[in-house]
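Geometric and topological summary
Single-letter residue listing:
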Amino acid sequence: MENHVDLQNQTPKLGEGDTLPPRRFSMELPQGLLASLAISPEAADFFASLDTATRGQIVSYVQATVTGEEARARIRAAMAGLEAGRLDFLQAGPVS
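Read on for an overview of the structure. (Residues numbered from 1 in each chain as written. Predicted model: local features only at pLDDT ≥ 70, side-chain atom pairs only at ≥ 80, totals over all residues. Heavy atoms only, no water.)

Along the backbone of the chain there are 4 helices and 0 strands. Helices and strands appear in the chain in the N-to-C order α-α-α-α. When contacts within the chain are restricted to residue pairs at least 6 apart in sequence, long-range pairs at least 24 apart make up 55% of them. For the chain, the exposed area adds up to about 7,000 Å²; of that, 54% sits on carbon and sulfur atoms. (Helix = DSSP H or I, 4+ residues; strand = E, 2+ residues; numbered from the N terminus. Contact = heavy atoms within 4.5 Å. Areas by Shrake-Rupley, 256 points an atom, 1.4 Å probe, with all protein chains shown as cover.)

Here's what the structure looks like:
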């Protein structure tokens, strides 16, 4: 009798292993917002639970800036709100 070794793909299937699958969002996100969401599961979960229109408002809020510092300030404000499960940062106006 022959010894047979199966050398098929040994990559774990979804749900196997000790890492979570990457989150997928249905729209293009600004790099800074995407990176911030990647390190905050609470904010990412809340963001993912929002409807497409609300996620679009958050993206527009972050992108409606002139300088990089303005964008970073808006990302910080958005992340604080998302981590707390709030959207009031969208009505707060300009952030400095």
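We now examine the packing of aromatic side chains. Under the counting rule described, the total for this entry stands at 1 aromatic pair. Over the ring of Y61 we find R74; its NZ or CZ atom is 4.7 Å from the centre of that ring. (Phe/Tyr/Trp six-rings, centres within 6.5 Å; stacked < 30°, edge-to-face > 60°. Lys NZ or Arg CZ within 6 Å of the ring centre and 35° of its normal.)

Moving on, we get to the packing of helix α2 (residues 41–49) against helix α4 (residues 68–83). Axis separation between α2 and α4 bottoms out at 8 Å; the angle between their running directions is 80 degrees. Taken together, the axis directions place α2 and α4 in an arrangement best described as roughly perpendicular. Two secondary-structure elements touch here, α2 through E42, A43, F46 and F47 and α4 through M79, L82 and E83. Across the contact of α2 with α4, the residue classes break down as 5 nonpolar, no polar and 2 charged. (Axes fitted to C-alpha atoms, helices over the stretch in contact; angles between N-to-C directions. Parallel < 35°, antiparallel > 145°, perpendicular 65-115°, else oblique. Nonpolar A, V, L, I, M, F, W, Y, C, P; charged D, E, K, R; others polar.)

All right, on to the pattern of salt bridges then. For the structure on display, the rule yields 3 salt bridges. Between E69 and R76 there is a salt bridge whose closest N-O contact spans 3.2 Å. Take R76: its relative accessible area is 48%, and that puts it in the partly exposed class. The partner of D88 in a salt bridge is R86, and the shortest N-O contact between them spans 3.2 Å. (Salt bridge = Lys/Arg side-chain N within 4 Å of Asp/Glu carboxyl O. Buried < 20%, exposed > 50% of the residue type's maximum accessible area, 1.4 Å probe, protein only.)

As a rule of thumb, nonpolar side chains are buried together in soluble globular proteins. Grouped together as the largest cluster of nonpolar side chains are 16 residues, with contacts concentrated most on L33, L37, F47, I58, M79, L82 and F89. Contributing elements (two or more residues each) for this core: α1 (31–38), α2, α3 (52–63) and α4. (Core = buried A, V, L, I, M, F, W, Y, C linked by side-chain atoms within 4.5 Å.)

Turning our attention to the side chain of S40. Counting through the fold element by element, S40 comes out in the loop between α1 and α2. S40 gets classed as buried once you look at its relative accessible area, which sits at 3%. When residues no more than four places from it in sequence are discounted, the contact partners of S40 are M79 and E83.

Moving on, we come to α2. Those residues of α2 that fall on the buried side of the exposure criterion are A43, A44 and F47. Along α2, the residues classed as buried sweep out an arc of 100 degrees about the axis, all on the same side. More than 90 degrees from the buried face of α2, the exposed residues found are E42 and S49. Of the surrounding secondary structure, the elements contacted by the buried residues of α2 are α1, α3 and α4. (Arc of directions from axis to C-beta.)

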